[in-house]
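Residue-level listing of the chains:
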Amino acid sequence: MGVREELLEGCGGLPQLGEVVATGRGSLPFALVDCAGAEVEAVSRFLRDLALSDCSPLTVRSYAMDLLRWWRILVALQVDWQQATADEVAVMVGWLRSAPNPQRRPAADHAAVNPRTGKPLLQAGYARATINHALSVVSAFYTFHAQHGRGPVVNPVPVSPRRRALLSHRGPMVPVPVRRRAPLRQKQPDAPPRAIPDLLWDELFAALSCVRDQALMALFVSSAARASELLGLTGDRVDWAGQRFWVVSKGSRLVEPVPASPQALTLLALYLDEAGLPAPGQPVWRTLRGEPRPLSYWALRRMLQRVNTRLGTNWTFHDLRHTAATRMANDSALTLPQVQTILRHRNIADTLRYVRTDIDELFSRLQQHFRRPRVEQIRPAAGYAAEDMAVVFGG
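Residues numbered from 1 in each chain as written. Predicted model: local features only at pLDDT ≥ 70, side-chain atom pairs only at ≥ 80, totals over all residues. Heavy atoms only, no water.

The name an unreviewed UniProt entry assigns to the protein chain is Integrase, from the organism Plantactinospora mayteni.

Asks: Describe the pattern of salt bridges, listing the residues and the values that go with them.
Replies: Inspection of the entire model under this criterion finds twelve salt bridges. The partner of R212 in a salt bridge is D213, with the nearest N and O atoms 2.9 Å apart. A single burial state applies to R212 and to D213, both of which are buried. R244 is paired through a salt bridge with D239; the nearest N and O atoms lie 3.2 Å apart. By relative accessible area, which is 34% here, R244 ends up partly exposed. Linked by salt bridges that have partners in common, R226, E229 and R344 make up one network. (Salt bridge = Lys/Arg side-chain N within 4 Å of Asp/Glu carboxyl O. Buried < 20%, exposed > 50% of the residue type's maximum accessible area, 1.4 Å probe, protein only.)

Asks: Run through the nonpolar core, naming residues and quoting values.
Replies: Ranked by internal contacts, the top residues of the largest apolar core, which has 43 residues, are L47, W70, M92, F141 and Y142. Where this core is concerned, the elements lending two or more residues are β2 (30-33), α2 (41-52), α3 (57-77), α4 (86-98) and α5 (128-147). Considering every element that reaches this core, the biggest residue donor is α3, with nine residues. When residues no more than four places from it in sequence are discounted, the contact partners of F141 are A42, V43, F46, L67 and W81. (Core = buried A, V, L, I, M, F, W, Y, C linked by side-chain atoms within 4.5 Å. Helix = DSSP H or I, 4+ residues; strand = E, 2+ residues; numbered from the N terminus. Contact = heavy atoms within 4.5 Å.)

Asks: Tell me about α4, residues and numbers included.
Replies: Taking 1.5 Å of rise per residue, 13 residues should cover 18 Å, and α4 covers 18 Å from first to last C-alpha, within 8% of that figure. Residues of α4 that are buried make contact with α1 (3-8), α3 and α5. (Expected span 1.5 Å × (residues − 1).)

Asks: Could you give an account of the packing of α3 against α4, naming the residues involved and the relevant values?
Replies: For the pair α3 and α4, interaxial distance at closest approach is 10 Å and the crossing angle is 115°. The pairing of α3 with α4 is recorded here as roughly perpendicular in orientation. The two elements α3 and α4 meet at a crossing, and its hand is right-handed. Counted together, R69, W70, I73, L74 and L77 of α3 and E88, V89, V91, M92, W95 and L96 of α4 form the full contact between these two elements. (Axes fitted to C-alpha atoms, helices over the stretch in contact; angles between N-to-C directions. Parallel < 35°, antiparallel > 145°, perpendicular 65-115°, else oblique. Left-handed = near helix turned anticlockwise from the far one by under 90°.)

Asks: Any details on the packing of aromatic side chains? Residues and values, ideally.
Replies: On inspection of all chains with the given rule, the structure shows twelve aromatic pairs. Both rings, one in W81 and one in Y142, keep their centres 6.0 Å apart while their planes meet at 45°; by these two values the pair is tilted. With W81 in the loop between α3 and α4 and Y142 in helix α5, the pair connects residues that are 61 residues apart, well separated along the chain. By relative accessible area, which is 3% here, Y142 ends up buried. When the ring of Y271 is compared with that of W285, the centres are 5.4 Å apart and the planes differ by 20°; the resulting orientation is stacked. With Y271 in helix α10 (residues 262-275) and W285 in the loop between α10 and α11 (297-311), this pair connects stretches of sequence that are 14 residues apart. (Phe/Tyr/Trp six-rings, centres within 6.5 Å; stacked < 30°, edge-to-face > 60°.)

Listed below in structure tokens is the structure:
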């Protein structure tokens, strides 16, 4: 079996060549460098264009990581980036579909769901959304260079022109038209948001071992903030009297207010009483052991993993945002535009996804339906006419 076939089947690993490094430059916050530490010029040009087009540094880093994988595949296949075709893109998709993802802890049964949460267990490979994102990044890379007369004549990432034309003229409230996907694109099911039921939320909250974690979880589920937004909270951005705090929004990168429940603020005050008030501009969330350091996303994720292992669940931090959004969207005291403002959605159609029948509540009501006594019909005894019985007793 050759190198191409091995990568296509996920049997061979990619050569660990090059890396993505932070540059500290505003016009190019992250760069892809080769084994000698030199920047890959074609990638740097594309990433610089992203940064100058007002993409966030995290977006630039995400694109750089996808292009690092693509560059390693081309090196393994001994193909120059300007001679790449759809065959090399197919190798990348095949490798992503088959190779194990080091960031995941796969389950033994890939088709199973967690019996407590009802959520599917993680598969060993890369998610379909990850594969489609990689295709979009590589396609954008070659589109950029084609505009400047560089690269292959035809973009190596296949497209579906008819589907793209339909989607480009679709309003936010219009359903997505059913059209064949472009070749190599993965099918992504539109799964409904998964909120944590109240009983399981109480169990999750009770399993937290310290006030810091309780304050974090309470703020998550009352504000619908994202993990990166809440971790960036500083001491001078908490409005105790107004029961709100300010976060740097992931989408707009503006400093925007989000609500906080009285319980969450009480727990936050208890945590700060133990850990000490941070200086202006300093992060609120800090490590508990050793020299205090800003709490990282990976440490936060590890905390939730420990709780999941203890409870036999597989909740994620985004489930907390779904929980807050579902509670707000189904509260008759709040209107959808108000919930849209709190969630910071661009389109109200995104907010409408949370207005639904909760699956756990539905199953609870079905169990009540099953236990309800069956109504027996009264049958007239022999010698009585059914018409006479209907007149006397109604029917």
